Each structure stands twice: as structure tokens, then as C-alpha cells.
Amino acid sequence: MKISVGMLVVNGRPFIEAQLKNLYDIAHEIVICEGGDKFWHARHGYWRSTDGTIDIIKNFPDPDKKIKLIQKNWKNKNEMSHTFSEGMTGDIIYSVDLDEFMNPTELVAVCKKLMTQPFTSVTIPHYVFYGDFETLMAMEHSPTWVQVPRIFKRQKNSLIHHLPMAYWNMTTKTPYNPKKMPHKMVPDVFIYHYSWVYRKSVRDKIAYYAHRIPGCIRKDWLDKYFEDFASKKDALLKSKENIRPTEGAKQFLLPFKGKHPEIVSEIQKDIALLDAVK
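Residues numbered from 1 in each chain as written. Predicted model: local features only at pLDDT ≥ 70, side-chain atom pairs only at ≥ 80, totals over all residues. Heavy atoms only, no water.

A. Layout of the environment of Thr246. Along the chain, the position of Thr246 falls in the loop between helix H8 (229-239) and strand S16 (251-255). For Thr246, a relative accessible area of 24% puts it in the partly exposed group. Leave out the neighbours within four places in its chain, and Thr246 touches Cys216, Ile217 and Arg218. A polar side-chain atom of Thr246 sits 3.2 Å from a polar atom in the side chain of Arg244. (Helix = DSSP H or I, 4+ residues; strand = E, 2+ residues; numbered from the N terminus. Buried < 20%, exposed > 50% of the residue type's maximum accessible area, 1.4 Å probe, protein only. Contact = heavy atoms within 4.5 Å. Polar contact = N/O pair within 3.5 Å; in protein donor to acceptor, adjacent residues only side chain to side chain.)

So this is what it looks like as C-alpha cells:
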């Protein structure tokens with residue numbers, strides 16, 4: 001069984017090096033589409049990463065020539081996902097967000113399980129971290145989110161689509177849904193998602209989506225719920241106030257009582273380095 005990894009990145013610190021270290025040994029190939037899309041460029045004024053991401057990718061030890069870097073001024077994230085999945089040769093495609101991590105041994109086990117089943121994808125519950133590494137952004141009835149599929153069997157005449165996360169039929173030019181394996185078939189396996197931890201990446205994310213979808217971000221959300229989080233954390237944990245940045249199902253904070261993947265210490269070190277040079 002061969003696992004092909006696809007990822008989209010612009011300004012990938014503090015996650016990119018840790019992600020490559022986490023996946024390199026188990027990956028058959030890693031295809032990285034680097035650069036902003038037209039919405040990123042319109043909001044931030046540049047296309048290429050400015051934080052050292054490109055140098056990290058190019059200088060990462062790659063003795064088996066697994067890593068392929070594709071750089072372009074992208075139309076949107078769908079184009080990026082289509083591009084990384086086109087020409088992949090693995091049995092499984094793992095479409096990974098840069099800031100989410102799985103235990104590599106568990107990832108391999110899930111992929112092997114999927115290969116024995118009549119399903120074409122699997123959705124893994126996410127722990128989503130908020131503000132720091134000890135606090136979760138939880139759903140109303142669960143500490144985890146059951147999000148979109150990330151792990152797919154490679155299908156003929158199909159690419160990976162980003163929004164919605166699905167297959168893309170290359171003939172009809174339309175998305176179609178995978179047949180999802182119930183996550184209860186791989187119990188006690190989680191994705192650890194650190195998308196709301198590093199301050200700069202959160203600010204960039206909010207600015208990007210506020211420009212891409214005007215009005216989607218709640219007014220004053222950054223100042224009220226995210227900036228100076230340490231001073232607000234205890235009150236937000238106690239109040240169960242809705243801290244979701246967009247409209248939708250309520251999300252509130254819970255303390256995390258589990259164990260992070262080992263690679264996360266690398267992210268914490270890079271955050272310390274980035275904060276030290278501010």
C-alpha cells in the first residue's frame with residue numbers, strides 16, 4: 001500500500017517542517033502546492049510565502065526524492081487540490097491541512113483498513129485547539145468535530161476537490177461524494193488540529209475569509225475572543241460562551257485532557273522562535 005500526501009501551503013510556519021517530519025517516512029510521495037490564491041493576493045498583496053516556508057521545503061532532507069513542490073499564482077484552493085492529486089500514483093491520497101496532525105502509525109493503520117473495505121474515504125474526528133495547546137474549541141455535544149474526509153482511495157479519472165471536500169470527475173468537471181467508511185470502524189483514532197493556536201496564522205486566516213466571503217466573520221471576534229487569550233481563557237471556559245468566528249452551530253471551550261502527537265513539540269519550538277523575533 002502506498003500513501004500519497006497532498007498539501008496546500010502559504011506561510012506555513014510553524015507547521016510545515018513538523019508536518020514533513022511527521023509524514024516523510026510513511027509517504028510514497030508528498031506533493032505541495034505553494035502560494036496564495038486570488039483571494040489571498042487581493043487581501044495580502046503577495047502570492048509567495050514570506051516566512052521562510054519555501055526554504056524549509058527546498059532544504060528538507062529528501063533522500064528518496066518524495067517531495068514535489070509546485071508554485072503558481074492560484075485561482076482558488078480547488079485548483080490547488082486538483083493539481084496536487086493529478087498524476088499521483090499511490091493507492092491512498094491523504095489530503096492534509098498543514099496545521100492538522102495524525103500519529104503516523106495510526107494513519108497507516110487507517111489506510112490499511114480502508115483498503116480492505118468497499119468504501120472510498122474515511123472521516124476522522126478532530127480535536128481542534130484554540131488559543132493554546134491545552135484548550136479545545138468543542139462542539140456543543142462533543143469535544144471533537146467530525147469534519148470532512150481527508151483520506152481517499154485514489155480513483156480513476158478523478159481528482160481531489162477542496163470545496164466541498166470530495167472527488168472531482170475529470171470528464172464531467174463536477175464534484176461527487178466519496179463513499180465514507182464509518183469512523184467507528186477505526187475507534188480511538190483522531191486528528192489533532194492546531195488551526196487556532198498561532199496568533200499570526202489566525203489573523204491571516206480571519207483576514208482571508210473576511211475578504212473571500214464578506215460578512216462571514218462575526219464583528220469584533222478577534223478582539224473579543226482571541227487576542228490576549230490568556231487573560232480571557234478562564235472566563236470563557238466557565239461561561240461556555242459561543243466563540244465560533246462565523247455563524248453556525250455553537251462552539252465553546254473545553255480543557256484538553258489527552259496526549260498530543262510527539263511531533264507537536266516541534267511546533268511549540270518554532271512558535272517560540274517566531275515569537276522571539278517579533
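B. How the structure looks around helix H9 (residues 264-276). The end-to-end C-alpha distance of H9 is 19 Å, a good match for the 18 Å that 13 residues give at a rise of 1.5 Å each. Each element contacted by the buried residues of H9 is listed here: helix H1 (16-23), strand S5 (100-101) and strand S15 (191-196). (Expected span 1.5 Å × (residues − 1).)

C. Summary view of the pattern of salt bridges. Under the definition given, this model contains 11 salt bridges. A salt bridge links Glu34 to Arg48; the nearest nitrogen and oxygen atoms lie 2.8 Å apart. Residue Glu34 is found in strand S2 (residues 29-34), and its partner Arg48 is found in the loop between helix H2 (38-44) and helix H3 (53-59); the two are separated by 14 residues along the sequence. By relative accessible area, Arg48 is classed as partly exposed at 25%. Close ionic contact of Arg150 with Asp97 constitutes a salt bridge, the shortest N to O distance being 3.2 Å. One end of the pair, Arg150, is in the loop between strand S9 (145-146) and strand S10 (151-153); the other, Asp97, is in the loop between strand S4 (92-95) and S5, and 53 residues separate them in sequence. (Salt bridge = Lys/Arg side-chain N within 4 Å of Asp/Glu carboxyl O.)

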